[in-house]
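As a plain string of letters, each chain reads:
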Amino acid sequence: MPCLAALPPMARPSRRRPSTSVRRRGRTLAALSCGCLCGRRHLIGASSAAALLPLLAPPSPAAPPIDPEVMLERVHPSRPDWYEEFYATAMDQGMKSYEAEIAGYKSKLFSQLLAAGKNILELGVGTGPNFKYYASGNGVNVIGVDPNKHMEDYARSAAVSAGLPSSSFTFKRGVAEALPAEDNSMDVVIGTLVLCSVNNIDMALREIYRVLKPGGLYLFVEHVAAPDGSLLRFVQGAFDPLQQFVADGCHLTRKTGENIRDVGFSSLSLDSVRLSNAYIISPHVYGVASK
């Protein structure tokens, strides 16, 4: 789910897996303005890490490790209805500047996806800003996952505008740590600005890997930490606790590219870019991974 924060405007090092090939291309644009548009959200509750461990009997091969509804309530307890409705409306209006600048990179990314006839899960679907890039293909079926039920109306409207029949779109409340999909069931998983705000990024990535079919694709766009030692990295570190509080769990200092690289995808193409209109979250990674 996108989150809009009142701040100006992913993660641990590990050895690379030998089976993963990585291509990087850095692009830098001047960081000019501040105004915060930040990533997809999952509220970090007061539960301990133990609350995320499986408490049920060993799962069946076709099920997530924890029931999706149980995980939803642990990771993202229901917020007041008025707040979630307000938040959905704010995101529908507040991400326009960001989406305008990232559009070229998304177009390049989604051009690698032949969506026709595919089963696609979009994680943190929000108000549906990505549908216009992929949802018009014949026979596309999309599951949109988001913890905020008020995102559904906006997402359905965006889907229809993109040419996706309403009957081909299913909205499910859920979180990344327990996706509401069976093992090896999805041709594609899409996630843009979502791993910054999940509670457990490695669990979320394992879930993405679990639901993908062999050879399935994971398309991502994520804001990440600035290079160590840079002024922006210092600013991100200073504001990170406040950002998590006001932006519903958004982390500014995650090295998400490293987490994605550590999953064990059979191939990974990863690029970097620095946006100009989102100062504190300007460093981004985007790319495609194949299971």
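Our subject is the structure that appears above.
Residues numbered from 1 in each chain as written. Predicted model: local features only at pLDDT ≥ 70, side-chain atom pairs only at ≥ 80, totals over all residues. Heavy atoms only, no water.

The helix and strand tally for the protein stands at eight helices and ten strands. The burial tally for the protein puts 54% of its 291 residues in the buried class. Carbon and sulfur atoms provide 58% of the accessible area of the protein, an area that totals close to 11,900 Å². (Helix = DSSP H or I, 4+ residues; strand = E, 2+ residues; numbered from the N terminus. Buried < 20%, exposed > 50% of the residue type's maximum accessible area, 1.4 Å probe, protein only. Areas by Shrake-Rupley, 256 points an atom, 1.4 Å probe, with all protein chains shown as cover.)

Next up on the list: the pairing of strand E8 (residues 212-223). Relative to E8, strand E7 (residues 186-192) runs parallel, the two sharing six bridges. Along E8, the bridge assignment pairs Met186 with Leu212. Traced from E7 through helix H6 (residues 201-211) to E8, the parallel crossover comes out right-handed. Judged from the seven bridges that link them, E8 and strand E10 (residues 283-290) form a sheet pairing that is antiparallel. Across the sheet, residue Phe220 finds its bridge partner in E10, namely Gly287. (Pairing = 2+ DSSP bridges. Right-handed = clockwise from strand over helix to strand, strands pointing away.)

Before going further, it helps to spend a moment on helix H5 (residues 151-161). One turn of the α-helix equals 3.6 residues, which is why residues spaced by three or four share an orientation. For H5, the set of buried residues is Met151, Ala155 and Ala159. Seen end-on, H5 carries its buried residues on one side only, within an arc spanning 65°. Residues of H5 that are exposed and point over 90 degrees away from its buried face: Asp153, Val160 and Ser161. Positive phi appears at Gly163, one or two residues downstream of H5, with a value of about 95°. (Arc of directions from axis to C-beta.)

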